[in-house]
Amino acid sequence: MKIKDILAQEKPVLSFEVFPPKKEDAYASVEHAVNEIAKLNPSFMSVTYGAGGGTSRYTVDITSHLLHQYGVTAMAHLSCVSSTREHVRNMVERIRENGIENILALRGDIPADGKIEHDYRYACELIRDLKELGDFCIGGACYPEGHPESPNKAEDIRHLKEKVDAGCDFLTTQMFFDNNIFYNFLYRAREKGITVPIVAGIMPMTNAKQLKRTLALSGTYLPTRFKMLLDKFGDNPAAMKQAGIAYATEQIIDLVANDVHAIHIYTMNRPEVAAQIKSSLSEIIV
Ligand code: FAD
């Protein structure tokens, strides 16, 4: 099923993101985690893509597994900046052969050594290619706080509009910890004529070390309320996990109360985190 059709139903949507193994010897444990998450019966699942090596190879395998073994609507992520056009075509062929209808089309991060291929510069170029290569439902990424490379939010939204016009059926946001940032972004996007569904990406921050690493990479704003949790529970992993899950759940409840019906959870391959959030929302997202 195409994700755009799920989003069009105007029913609450709760989806989960997982990541594939980097190396073959981790495949079985990742598959186990992914299976447990699939059993939670999400609206759809998405599988991330690394710029090369195992992560890119296994994205299609895991997406196909979800689709065919669990009957879950599944989406393969695909990035382009470190790939040649030929490599992208080969990946798309594998995606099609596996019956996968949904692709999250990404530029990908510029590697630390700055080495990229020069066939693609931006995600919108990949989206234009995908439109020619098949009848896919195409998602794109968006950034409520602005993409870190953008000089300002106005320019970022202008490029986002170009990306949607290139053929995005929906957008999924980068994580945010302050819902007001999301509401403000939604207002600006709608004002600029971006009308596709926007799925709110929520990261349950259950581990202080992971939080610091993620924040350093993304530059995401951390509200005082969250900083206080981190100060109080950061050295106590069990308490931090409980607090992180509760914080994410509260964010989601507030989103739903404000008529945001599509939520995507960055599960970090942790079934127990996904399960706790889902069960806390059992009467809210049904
Ligand atoms: P783009 O939309 O191309 O934007 C990148 C930058 O270029 C922005 O600053 C934008 O404003 C600017 N820009 C866009 N078009 C133009 C133009 N025409 N002229 C000038 N500037 C322009 N990365 C992975 O490697 N694998 C994943 O699986 C993955 N999954 C993700 C899932 C989500 C939901 C999100 C939010 C991000 C994900 N990422 C993933 C990270 C993403 O690849 C990076 O954030 C990357 O830096 C930008 O990708 P993009 O597709 O948003 O790029």
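Data block above holds the structure.
Residues numbered from 1 in each chain as written. Predicted model: local features only at pLDDT ≥ 70, side-chain atom pairs only at ≥ 80, totals over all residues. Heavy atoms only, no water.

(A) View of the overall build of the chain. Within the chain, the secondary structure is distributed over 11 helices and 8 strands. Here the C-alpha radius of gyration of the chain, 18 Å, is about what a compact globule of 286 residues would show, namely 19 Å. Dimensions of the chain, computed from the C-alpha atoms along their principal axes, are close to 50 × 45 × 45 Å. Counting the 286 residues in the chain, one finds 53% classified as buried. Sequence separation of 24 or more characterises 79% of the internal contacts of the chain that already satisfy a separation of 6 or more. Of the charged side chains in the chain, 32 are positive and 36 negative, and the gap between their average positions amounts to 3 Å. (Helix = DSSP H or I, 4+ residues; strand = E, 2+ residues; numbered from the N terminus. Rg over C-alpha atoms; globule rule 2.2 N^0.38 Å. Buried < 20%, exposed > 50% of the residue type's maximum accessible area, 1.4 Å probe, protein only. Contact = heavy atoms within 4.5 Å. Lys, Arg positive; Asp, Glu negative; His and termini not counted. Charge placed at Lys NZ, Arg CZ, Asp CG, Glu CD.)

(B) Region of the structure containing helix H2 (residues 27-38). A rise of 1.5 Å per residue sets the reference length of H2, with its 12 residues, at 16 Å; its end C-alpha atoms lie 16 Å apart and thus fit the reference within 8%. Residues Tyr27, Val30, Ala33, Val34, Asn35, Ile37 and Ala38 constitute the buried set of H2. (Expected span 1.5 Å × (residues − 1).)

(C) Examining the pairing of strand S6 (residues 170-173) more closely. Alternating residues of S6 divide into Phe170 and Thr172 and Leu171 and Thr173, and every residue in both groups is buried. Where strand S5 (residues 137-142) and S6 come together, 4 bridges link them in parallel fashion. Pairing of Ala141 across the sheet is with Thr172, part of S6. In the classification by handedness, the crossover that spans S5, the intervening helix H6 (residues 153-167) and the parallel S6 is right-handed. The handedness of the S6 to strand S7 (residues 198-202) crossover, carried by helix H7 (residues 179-191), is right-handed. (Pairing = 2+ DSSP bridges. Right-handed = clockwise from strand over helix to strand, strands pointing away.)

(D) How the structure looks around the packing of aromatic side chains. By the definition in use, this model includes 5 aromatic pairs. On the numbers, 5.2 Å between centres and 40° between planes, the contact of Phe177 with Phe226 is tilted. Here Phe226 lies in helix H9 (residues 224-233) and Phe177 lies in the loop between S6 and H7, a separation of 49 residues in the sequence. As far as burial versus exposure is concerned, Phe177 and Phe226 are alike and both buried. The rings of Phe176, Phe182 and Tyr183 are connected pair by pair, giving a single aromatic cluster. Positioned over the ring face of Tyr120 is Arg85, at 4.7 Å from the centre of the ring. (Phe/Tyr/Trp six-rings, centres within 6.5 Å; stacked < 30°, edge-to-face > 60°. Lys NZ or Arg CZ within 6 Å of the ring centre and 35° of its normal.)

(E) Representation of the nonpolar core. Counting residues in each nonpolar core, the largest one holds 67 residues, and the members touching the most others are Met45, Leu78, Leu171, Ile252 and Ile263. Sequence-distant contacts of Leu171, defined by excluding residues within four places in its chain, comprise Gly140, Ala141, Cys142, Leu160, Val164, Ile194, Val196, Pro197, Ile198 and Val199. (Core = buried A, V, L, I, M, F, W, Y, C linked by side-chain atoms within 4.5 Å.)

(F) Just the packing of H7 against helix H10 (residues 237-257), in detail. Put simply, H7 and H10 touch, their axes get as near as 10 Å, and they point 35° apart. Two packed elements cross with a definite hand, and for H7 against H10 that hand is right-handed. Contacts between H7 and H10 involve Asn179, Phe182 and Tyr183 on the former and, on the latter, Gln251, Asp254 and Leu255. (Axes fitted to C-alpha atoms, helices over the stretch in contact; angles between N-to-C directions. Left-handed = near helix turned anticlockwise from the far one by under 90°.)

(G) Structural context of the state of the cysteines. One pass over the structure, following the stated rule, counts 0 disulfides. Of the cysteine sulfurs around Cys80, a residue in no disulfide, the closest is that of Cys124, at 8.7 Å. Distance from the sulfur of Cys168, which forms no disulfide, to the nearest cysteine sulfur (Cys142) is 9.0 Å. (Disulfide = S-S within 2.5 Å.)

(H) Here's a closer look at the pattern of salt bridges. Throughout the structure, instances matching the rule amount to 13 salt bridges. A salt bridge links Asp169 to Lys4; its shortest N-O distance comes to 3.9 Å. Taken together, the residues span a long stretch of sequence, with Asp169 in the loop between H6 and S6 and Lys4 in helix H1 (residues 3-8) at a distance of 165 residues. Residue class for Lys4 comes out partly exposed when judged on its relative accessible area of 33%. Two residues, Asp61 and Arg94, come together in a salt bridge whose shortest N-O distance is 2.8 Å. Of the two residues, Asp61 sits in helix H3 (residues 53-70) while Arg94 sits in helix H4 (residues 85-97), which places them 33 residues apart along the sequence. (Salt bridge = Lys/Arg side-chain N within 4 Å of Asp/Glu carboxyl O.)

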